[in-house]
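# Structure assessment
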Amino acid sequence: MSNSRFFKKHKPVHYLFALCAGAFGVSAVWVVAAKPTAVAAEEADILPKAFINGEGPDWRTLWEEDFVNVNCYEDTFRWGEDGVIYCTGEPIGVIRTTEKFTNFELVMEWRHMKFAGNSGLFLWMIDESLEGLEPGKLPHGIEVQILDLGYAEQYEERTGSPGDWFTTHGDVFPVGEATMDPFPPVSPNGQRSFPSKDLTKGVGEWNHYYVRAINGEVRLWVNGEEVSGGNNCTPSTGYLALESEGSPIEFRGLRVRQLP
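### Examining the nonpolar core
Core analysis: the biggest nonpolar cluster contains 38 residues, and Phe104, Met108, Leu123, Ile142, Val218, Leu242 and Phe251 have the highest contact counts within it. Excluding anything up to four places from it in sequence, Val218 contacts Leu123, Trp124, Ile142, Val172, Phe183, Val211, Arg212, Ala213, Ser228, Gly229, Gly230 and Cys233. Membership of the second largest hydrophobic core comes to 8 residues, among which are Phe122, Met125, Phe173 and Val175.

Encoded structure:
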């Protein structure tokens, strides 16, 4: 499906969130604090966007006390006084929220600190996949991919094959026993929702994710624009998780709002 057809299909959603942003008086200027209530966007885009920054009624910060280590080292994730969550990338594993979520909105910023870095945000994880999970393994759930732009180049150099089954701009897909019907465009195997636009910034630059998850449907906005998602997700409730996957990455402005 072409980009124009995709956005025609989802135009009402963009319009809705532009109205919501105006209704809540959302500002595009954030301030970083030790346990931040907001984070500043370093670059402004002159084009109009449905930019949700986590300010307004019922939004709250997710911080160290809101997470439990599943299968990482004690020092894999560090919570900085500057409001940044530092992840070493070693070992491969996750930290999960102490609370389960069903319908929610989430915002975060992230930046890879190494070329070809890999990470992700897990939604609605399957409980059984977390039990006894060893370092080096990942749980089952819906993943919002977080890849550096250099990952595709490195993959092709390492394998000699084209990296046509993934992108570096915000894929959304089920992992393990989780299932999802991806929004188009989709990957060749039909499992991943590919982004309709290439909006991710490269290593060392901050990127903004806004995730909206309601009634088993997930939608992802990258740097202010909706690009990917899916519906009929199973499960559609569960823990959220930050992923460590082999390279250093930083997160900030991680905030969530539960929805009815």
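### Notes on the pattern of salt bridges
Counted according to the given criterion, the structure contains 9 salt bridges. Salt-bridge contacts for Arg60 lead to Glu99; the nearest nitrogen and oxygen are separated by 2.6 Å. With Arg60 in strand β1 (residues 60-61) and Glu99 in the loop between β5 (93-97) and β6 (104-112), this pair connects stretches of sequence that are 39 residues apart. Residue classification places Arg60 among the partly exposed residues on the basis of a relative accessible area of 29%. Among the ionic pairs, Asp127 bridges to Lys100, the shortest N-O distance being 2.5 Å. Highlighted residues: Asp127 in helix α2 (residues 127-130) and Lys100 in the loop between β5 and β6, separated in sequence by 27 residues. The partly exposed category is assigned to Lys100, whose relative accessible area is 38%.

### Here we look at the sheet that holds strand β8 (residues 141-147)
In a beta sheet, neighbouring strands pair by backbone hydrogen bonds and run either parallel or antiparallel. Taking strand neighbours across the sheet as the criterion, the 6 strands line up as β2-β5-β14-β7-β8-β9 in an open arrangement whose pairing is antiparallel. In this open sheet, the two edge strands, each paired with only one partner strand, are β2 (67-69) and β9 (172-175). On average, adjacent strands in this sheet sit at an angle of 30° to one another, irrespective of strand direction. Relative to β9, β8 runs antiparallel, the two being bridged by 4 bridges. By the bridge assignment, Val144 is partnered in β9 with Val172.

### Re the packing of aromatic side chains
With the rule as written, the count across this model stands at 10 aromatic pairs. A ring pair is formed by Tyr155 and Phe166, whose centres lie 5.3 Å apart and whose planes are at 85°; its orientation type is edge-to-face. Of the two residues, Tyr155 sits in helix α3 (residues 150-159) while Phe166 sits in the loop between α3 and β9, which places them 11 residues apart along the sequence. When sorted by exposure, Tyr155 lands in the same class as Phe166, which is buried. Here the aromatic cluster, defined as three or more aromatic residues joined through ring pairs, consists of Tyr151, Tyr155, Trp165 and Phe166. Over the face of the ring belonging to Tyr239 we find Arg96, whose NZ or CZ atom lies 4.0 Å from the ring centre. Looking at Arg192, its charged tip hangs above the ring of Phe173, at a distance of 3.8 Å from the centre.

### A word on the environment of Tyr73
Tracing the backbone through its elements, the reader meets Tyr73 in the loop between β2 and β3 (77-79). Residue class for Tyr73 comes out partly exposed when judged on its relative accessible area of 49%. Between the alpha carbons of Tyr73 and Thr88 there is a distance of 9.7 Å; along the sequence they are 15 residues apart. Ignoring sequence-local partners within four residues, the contact set of Tyr73 consists of Glu90 and Pro91.

### Here we look at α3
Gly150, Tyr151 and Tyr155 are the residues of α3 that are buried. Projected onto a plane normal to the axis of α3, the buried residues spread over an arc of 135° and lie on a single side. Following α3 by one or two positions, Gly160 adopts a phi angle in the positive range, close to 75°.

### Remarks on the pairing of strand β14 (residues 241-244)
The alternating pattern of β14 places Ala241 and Glu243 and Leu242 and Ser244 on opposite faces, both of which are buried. With 2 bridges connecting them, strand β7 (residues 118-123) and β14 associate as antiparallel partners. Bridged to Leu121 within β14 is Leu242.

### Remarks on the environment of Asp82
Along the chain, Asp82 falls in the loop between β3 and β4 (84-87). For Asp82, a relative accessible area of 36% translates into the label partly exposed. Sequence separation between Asp82 and Arg252 is 170 residues, and the spatial gap between their C-alpha atoms is 9.2 Å. Looking at Asp82, its side chain comes within polar contact range of the main-chain nitrogen of Val84, at 3.2 Å.

What counts, and at which threshold
Residues numbered from 1 in each chain as written. Predicted model: local features only at pLDDT ≥ 70, side-chain atom pairs only at ≥ 80, totals over all residues. Heavy atoms only, no water. Core = buried A, V, L, I, M, F, W, Y, C linked by side-chain atoms within 4.5 Å. Buried < 20%, exposed > 50% of the residue type's maximum accessible area, 1.4 Å probe, protein only. Contact = heavy atoms within 4.5 Å. Salt bridge = Lys/Arg side-chain N within 4 Å of Asp/Glu carboxyl O. Helix = DSSP H or I, 4+ residues; strand = E, 2+ residues; numbered from the N terminus. Pairing = 2+ DSSP bridges. Axes fitted to C-alpha atoms, helices over the stretch in contact; angles between N-to-C directions. Phe/Tyr/Trp six-rings, centres within 6.5 Å; stacked < 30°, edge-to-face > 60°. Lys NZ or Arg CZ within 6 Å of the ring centre and 35° of its normal. Arc of directions from axis to C-beta. Polar contact = N/O pair within 3.5 Å; in protein donor to acceptor, adjacent residues only side chain to side chain.

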